[in-house]
Amino acid sequence: MIISIADSMKKAVIKELDFSFDAPSLESLEKEGTAFAEPVQVKGTVTIQPGQIELDVDVHSKVRQVCSRCLDEFEQEIDLSIDETWAQQVSDDDLDTMPLSEGDTVDLTDLLVQDIISSLPIQPLCSEDCKGLCQECGANLNRETCDCDKEQVNERFAALKDLFKEV
């Protein structure tokens, strides 16, 4: 959704937003095994005042991700509250306000997709107690157990293995 602010910069306008959109598929996300599983739903308001725009919306969607421990695919609910501000006059110490020039348009879909992506975890987990994969046989330890020897000592450090047993 693109908001044109050229006509509204002379008087204050409050617009109610209630829309949904299909997020674009992004190659950088797909390489990591992440994709949007449903359309992004947006509800909130945009307030356009002379020289300033304030966006206050709640966003809901689902993303499909790959667990970084067990490599299983799972879906994660996304619920965000997004507050953004654009202004024609931005001071150097105001890091939360984005600059805006007369006649600009603001593309909300790109902004919202970027905010959703930045909220995703760097290492997604299907659950907090995910056991991951066995390092020896590759078995998914969430679904099965294996008989692999779990205690492996690097040969270079084998002499240090028994060092603290005497203490």
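Residues numbered from 1 in each chain as written. Predicted model: local features only at pLDDT ≥ 70, side-chain atom pairs only at ≥ 80, totals over all residues. Heavy atoms only, no water.

Colleague: Describe the overall build of the protein chain, with residues and values.
Modeller: The helix and strand tally for the protein chain stands at two helices and eight strands. Along the protein chain, from the amino end to the carboxyl end, the secondary structure elements read β-β-α-β-β-β-β-β-β-α. The buried share among the 167 residues of the protein chain stands at 31%. Expressed as a percentage of contacts within the protein chain between residues at least 6 apart in sequence, the contacts between residues at least 24 apart total 57%. When the accessible surface of the protein chain is split by element, carbon and sulfur atoms take 46% of a total near 11400 Å². (Helix = DSSP H or I, 4+ residues; strand = E, 2+ residues; numbered from the N terminus. Buried < 20%, exposed > 50% of the residue type's maximum accessible area, 1.4 Å probe, protein only. Contact = heavy atoms within 4.5 Å. Areas by Shrake-Rupley, 256 points an atom, 1.4 Å probe, with all protein chains shown as cover.)

Colleague: How would you explain the side chain of N140 if you had to name every residue and give the values?
Modeller: Inspection of the secondary structure puts N140 in the segment after α2 (108-119). Among the polar contacts made by the side chain of N140, one reaches the side chain of D72 at a distance of 3.1 Å. At 3.0 Å, the side chain of N140 and the backbone nitrogen of N142 are in polar contact. Here N140 is in contact with C70, D72, G132 and L133, once residues within four sequence places are set aside. (Polar contact = N/O pair within 3.5 Å; in protein donor to acceptor, adjacent residues only side chain to side chain.)

Colleague: Run through the confidence of the model for the protein chain, naming residues and quoting values.
Modeller: Where the model shows low pLDDT, its predicted coordinates should not be examined in detail. Per-residue pLDDT for the protein chain averages 82, and the proportion of residues at 70 or more is 86%. The lowest-confidence element of the protein chain is strand β1 (residues 2-4), averaging 69 in pLDDT; the highest-confidence one is strand β5 (residues 52-66), averaging 90. (pLDDT = per-residue confidence, 0-100.)

Colleague: Describe a nonpolar patch on the surface, listing the residues and the values that go with them.
Modeller: Side chains of F157, L160, L163 and F164 sit close together on the surface and give an oily, nonpolar patch of about 460 Å² of accessible area. Tracing the backbone shows L160 in the segment after α2. (Patch = residues over 30% accessible without salt bridge, like charges linked within 9 Å, V, L, I, M, F, W, Y side chains within 5 Å. Salt bridge = Lys/Arg side-chain N within 4 Å of Asp/Glu carboxyl O.)

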